Amino acid sequence: MALHLSWVFIFGILGNAVSFMVSLAPLPTFYQIYKKKTSEGFQSIPYVVSLFSAMLWIYYALIKKNAMFLITINTFCVFIQIFYIVTYFYYGPKKEKIITVKLMLLFNVFGFGIIFASTFFLPNPSLRLLVLGYICMAFALAVFVAPLAIVRKVIKTKSVEYMPFTLSVFLTLGAIMWFFYGLMLKDINIAVPNILGFIFGILQMILYAVYRNHPKKTVEESDPKLQLSDHPMVVVDVAKLGSGVVETQGGEGNNGRDGAFNKV
C-alpha cells in the first residue's frame, strides 16, 4: 500500500512538473502581443478551452477526493489561462473581444454551469462521480484529436515548421506521467485519454524525424486549402487537461501548439 502511494506521489509530481512547463509555453506569444500592443493574428479559443478543461478537472478531483495533484496543476492552469485571456482581451480589437466574451459565456459559464447543475445534485455520489468522469474523459479525448490537423499539415507541406519538437516531447512525457498517475489510482477517466495523447505524441516525433531535413514547402504551394493565415490552428493539451496549454497562431513558428496539455 505504501509503495502504491509512493508511485502515485511520484507520477503526480512529475505530471505536475511537465504540465507546468507546457502551461508556460504561450508566454513568448503574449510577449509579442505586449510588444506589438495588438492580439491580431491570434485567437482566444485555445485559452478559453484550456480554462474550461481545468475547471472540469478541478471539479472532478474535488468530487473524487483523492486526486490532489489534479487540483494543484489545474488550479495553476486556471490562473495562467485567466492571465492569458485578460491580456488577449486588453490588446484585442473590438471584434475579437466580443468573440472572446461569447466563448467565455458558452464554455465557462453556460457549459460548465450545465455540467455542474446536472451532476452535483445527483443523489448517488458514486453515480455523480461516474457521470462526471465520463464527461471529463470524453472532453479529454476530443481535445487530443486536435493534433491531427497539424499532422495533416506536416504531411501536406513536408515541413515541421508548424510542429515544434520540444513541445511534442513535453506533451508526450506529460501523457506518460498522467497515464501512470491514473493507472496507480485505478482511474480510467485519467488514464485512457492519455493513451491517445501518447500515441499522437509519438506520431508527431516520428513525423519530425522524417521531415526535419526536408526542403521547406509553403502551405500555398502544397495545398491552397490548407492556408492558415486566416484560419489559425487550435491545439489543446489534455494532461493539464488543465495544464491547458493551447496556442493558435496563423503562420507563427510555434504554430499554435503552445497550448494544450490539460493535465489529467
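Residues numbered from 1 in each chain as written. Predicted model: local features only at pLDDT ≥ 70, side-chain atom pairs only at ≥ 80, totals over all residues. Heavy atoms only, no water.

### Here we look at the overall build of the chain
Here comes step 1: For the chain, the count of helices and strands is ten helices and two strands.
Here comes step 2: Taken from the N to the C terminus, the helices and strands of the chain come in the order α-α-α-α-α-α-α-α-α-α-β-β.
Here comes step 3: Expressed as a percentage of contacts within the chain between residues at least 6 apart in sequence, the contacts between residues at least 24 apart total 73%.
Here comes step 4: Total accessible area computed for the chain in this model is approximately 12,400 Å², and 72% of it derives from carbon and sulfur atoms. (Helix = DSSP H or I, 4+ residues; strand = E, 2+ residues; numbered from the N terminus. Contact = heavy atoms within 4.5 Å. Areas by Shrake-Rupley, 256 points an atom, 1.4 Å probe, with all protein chains shown as cover.)

### Quick notes on the nonpolar core
Here comes step 1: One finds L56, W57, Y60, L70, L132, Y181 and I190 to be the most contacted residues of the largest nonpolar core, which totals 45 residues.
Here comes step 2: Secondary structure elements with two or more residues in this core: α1 (2-23), α2 (27-36), α3 (45-64), α4 (68-91), α5 (94-120), α6 (125-144) and α8 (165-184).
Here comes step 3: Of all the elements, α3 adds the most residues to this core, at 14 residues.
Here comes step 4: Of all hydrophobic cores here, the second largest spans seven residues; its members include V151, V154, L207 and Y211. (Core = buried A, V, L, I, M, F, W, Y, C linked by side-chain atoms within 4.5 Å. Buried < 20%, exposed > 50% of the residue type's maximum accessible area, 1.4 Å probe, protein only.)

### Some points on the packing of aromatic side chains
Here comes step 1: Across all of its chains, the model carries 22 aromatic pairs by this definition.
Here comes step 2: With a centroid separation of 5.1 Å and an interplanar angle of 85°, the aromatic rings of F52 and F139 are classed as edge-to-face. With F52 in helix α3 and F139 in helix α6, this residue pair connects regions lying 87 residues apart in the sequence. Take F52 and F139: they sit in the same class, and that class is buried.
Here comes step 3: Ring plane angle 75° and centroid distance 5.1 Å describe the contact between F179 and F180, whose orientation is recorded as edge-to-face.
Here comes step 4: What makes F179 partly exposed here is its relative accessible area of 21%.
Here comes step 5: These aromatic residues form a ring-pair network of at least three members: Y59, F112, F116, F120 and F121.
Here comes step 6: Here K37 stacks its cationic end above the ring of Y34, 3.9 Å away from the centre of that ring.
Here comes step 7: The positively charged end of R128 is found above the aromatic ring belonging to F120, 5.7 Å away from the centroid. (Phe/Tyr/Trp six-rings, centres within 6.5 Å; stacked < 30°, edge-to-face > 60°. Lys NZ or Arg CZ within 6 Å of the ring centre and 35° of its normal.)

### Focus: the packing of α2 against α4
Here comes step 1: It is at 10 Å that the axes of α2 and α4 come closest, and there the two elements cross at 25°. When the axis of α2 is compared with that of α4, the two are roughly parallel. In this structure, the crossing between α2 and α4 has a hand that is left-handed. Counting all contacts with α2, which are made through L27, F30, I33 and Y34, the residues of α4 involved are F83, Y84, T87, Y88 and Y91.
Here comes step 2: Of the residues that constitute the contact of α2 with α4, the class distribution is eight nonpolar, one polar and no charged. (Axes fitted to C-alpha atoms, helices over the stretch in contact; angles between N-to-C directions. Parallel < 35°, antiparallel > 145°, perpendicular 65-115°, else oblique. Left-handed = near helix turned anticlockwise from the far one by under 90°. Nonpolar A, V, L, I, M, F, W, Y, C, P; charged D, E, K, R; others polar.)

### Considerations on the pattern of salt bridges
Here comes step 1: Summed over the entire model, instances satisfying the criterion amount to one salt bridge.
Here comes step 2: K64 is the partner of D187 in a salt bridge, and the nearest nitrogen-oxygen pair spans 3.0 Å. Here D187 is found in the loop between α8 and α9 (188-211), whereas its partner K64 is found in helix α3, with 123 residues between them in sequence. Residue D187 shares its accessibility class with K64, and that shared class is buried. (Salt bridge = Lys/Arg side-chain N within 4 Å of Asp/Glu carboxyl O.)

### Here's the deal with the packing of α3 against α6
Each pair of packed helices can be summarised by the angle the axes make with each other and by the distance between the axes.
Here comes step 1: Running from N to C, α3 and α6 cross one another at 150°; their axes reach a closest spacing of 10 Å. Put simply, α3 runs roughly antiparallel to α6. α3 and α6 meet at a crossing whose hand is left-handed. The segment α3 lies against α6, with V49, F52, S53, L56, W57, Y59, Y60, I63 and K64 engaging R128, L129, L132, G133, C136, F139, A140 and V143.
Here comes step 2: Among the residues making up the contact of α3 with α6, the classes are represented as 13 nonpolar, two polar and two charged.

### A word on the environment of Y134
Here comes step 1: Topologically, Y134 is positioned in helix α6.
Here comes step 2: Through-space distance from the C-alpha of Y134 to that of N189 is 6.6 Å; in sequence the pair is 55 residues apart.

### Some details on the confidence of the model for the chain
Here comes step 1: Considering every residue of the chain, the mean pLDDT works out to 81; 78% of them sit at 70 or more.
Here comes step 2: Least confident of the elements in the chain is strand β1 (residues 235-236), whose mean pLDDT is 39; most confident is α4, at 95.
Here comes step 3: When the criterion is pLDDT under 50, residues 219-263 qualifies, and its contacts beyond four places in sequence or with other chains add up to 214 contacts. (pLDDT = per-residue confidence, 0-100.)

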